[in-house]
Every structure is written in structure tokens, then in C-alpha cells.
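Observations on the model geometry
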Amino acid sequence: MKKVTEIVAELAAPVAAEFGCELWDTEYVREAGQWFLRLYLDKAGGVDILDCENVSRKVSDLLDEVDPIEGSYVFEVSSAGAERQLKRPSDFERFIGSPVLVKTYQNRDGRKEFPGVLKGYEDGDILLQIGTQELRFNKSEVAMVRLRIEF
């Protein structure tokens, strides 16, 4: 049986492409006692409010037809954002050489956040360059990796 996010992604990806966007991620999460279904879009040059509105309307109609989710939920469509989270191997490969922030589950050298440049990704392990030092993070110790904007 497919997860809700997989079903929704299959419905939403062609719609996003129809409007010149890429479906970056799909979330189905419970927050403050309410369920949220979120689509995150990406597009060369950036996603604007009209992209979100167009995708939202069409996907909402498809969700009403297919009805893959029991009960009520809030449906949101937005840009993946400049500091988006990297999750899939293709995300990491696409952004090698980019500034990222690695967050770990446990303290390492007295901290849990490591800003640096993504140097590599192999079988879930992350190679991060911080100044002249290279650090390797095992998949099991990484809570999250997201792009980082430098000012």
C-alpha cells in the first residue's frame, strides 16, 4: 500500500510540470492537532504566487476526485524556498559545491549545527568542508541538511 505522500506526489508532479514547475517535496504531517498536506515547488527563476495558486487549484480538484486521505486536512502549496531541505540523493548531487547547514542528532565537538560547503554524498554519508577542514557525517547521525544562504 502506497503512502499518502507517494499518491499525492504522483498526482501533483504532472500538474506542477504543466505549469513549468518541479514538485520538490510532499509532506503529510500532524501539527497542533491538525493534519497538513503540503506541496513544495521549484522552478528556474523562482516560484511565484501564481504558480502556487495554479498548482493548488488543479491538484485540489484531483484530490477531491481521488480522495486519498480520510478525514480533514489543510492543503498548502508553496515554494521549496532558498534554504530548502535536501532529502533525496538527487538533491545532494544537484547541490554539491553549495553552502549547506548540517544538523546532527547528537553533539559532535560540542555542537549540533555545522555550516559549510557540501563536498560529497555517498550512500547517505555527507562530506562537508568547513574552512580548510573536511568532515564526514554518517547517515545515522544526520538529522537534517538544508541549503544555506550566505550574505
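Structural notes, computed from the coordinates. Every value quoted in this text rests on a predicted model; they were computed, and no experiment measured them.

Observations concerning the pattern of salt bridges
- Counted according to the given criterion, the structure contains 16 salt bridges.
- Put simply, Arg 57 and Glu 53 hold a salt bridge, and the shortest N to O gap is 2.7 Å. With Arg 57 and Glu 53 both in helix H2 (residues 49-66) and four residues apart, this pair spans about one turn of that helix.
- When salt bridges with common partners are traced through the structure, they connect Glu 22, Asp 42, Arg 84 and Arg 94 into a single cluster.

What to know about the sheet that holds strand S3 (residues 74-79)
- Read from one edge to the other, the open sheet built from three strands follows the order S1-S2-S3, with strand pairing classed as mixed. Every interior strand has two partners, whereas the edge strands, strand S1 (22-31) and S3, have only one. Sheet twist, expressed as the average angle between the axes of neighbouring strands with direction ignored, equals 20°.
- Against the sheet, helix H1 (residues 4-18) makes contact with S1 and strand S2 (34-42), and its axis sits at roughly 145° relative to S1, the strand it touches most.
- The strands that H2 touches are S2 and S3; relative to S3, the one it contacts most, it runs at about 145°.

So, the pairing of S3
- Of the pairings in the sheet, the one linking S2 to S3 comprises six bridges and is parallel in character. Across the sheet, residue Tyr 40 finds its bridge partner in S3, namely Ser 78.
- Taken together, S2, H2 and S3 form a β-α-β motif whose crossover is right-handed.

Some thoughts on the side chain of Arg 148
- Relative to the helices and strands, Arg 148 resides in the segment after strand S8 (142-147).
- Separated by 3.1 Å, the side chain of Arg 148 and the backbone oxygen of Val 100 make a polar contact.
- Aside from chain neighbours lying at most four places away, what touches Arg 148 is Glu 83, Pro 99, Val 100, Leu 101, Pro 115 and Gly 116.

Some remarks on the packing of aromatic side chains
- In the structure shown here, the tally under the stated rule is four aromatic pairs.
- Considering the side-chain rings of Trp 24 and Phe 95, the 6.2 Å spacing of their centres and the 70° angle between planes classify their relative orientation as edge-to-face. Here the residue Trp 24 occupies a position in strand S1, and Phe 95 occupies one in the loop between helix H3 (89-94) and strand S4 (99-108), the gap between them amounting to 71 residues.
- The buried category is assigned to Phe 95, whose relative accessible area is 15%.
- Relative to Trp 35, the ring of Tyr 28 lies with its centre 4.6 Å away and its plane at 15°, an arrangement referred to as stacked.
- By relative accessible area, Trp 35 is classed as partly exposed at 31%.
- The ring centre of Phe 137 lies 4.4 Å from the NZ or CZ of Arg 108, which sits over that ring.

Conventions adopted
Residues numbered from 1 in each chain as written. Predicted model: local features only at pLDDT ≥ 70, side-chain atom pairs only at ≥ 80, totals over all residues. Heavy atoms only, no water. Salt bridge = Lys/Arg side-chain N within 4 Å of Asp/Glu carboxyl O. Helix = DSSP H or I, 4+ residues; strand = E, 2+ residues; numbered from the N terminus. Pairing = 2+ DSSP bridges. Axes fitted to C-alpha atoms, helices over the stretch in contact; angles between N-to-C directions. Contact = heavy atoms within 4.5 Å. Right-handed = clockwise from strand over helix to strand, strands pointing away. Polar contact = N/O pair within 3.5 Å; in protein donor to acceptor, adjacent residues only side chain to side chain. Phe/Tyr/Trp six-rings, centres within 6.5 Å; stacked < 30°, edge-to-face > 60°. Buried < 20%, exposed > 50% of the residue type's maximum accessible area, 1.4 Å probe, protein only. Lys NZ or Arg CZ within 6 Å of the ring centre and 35° of its normal.

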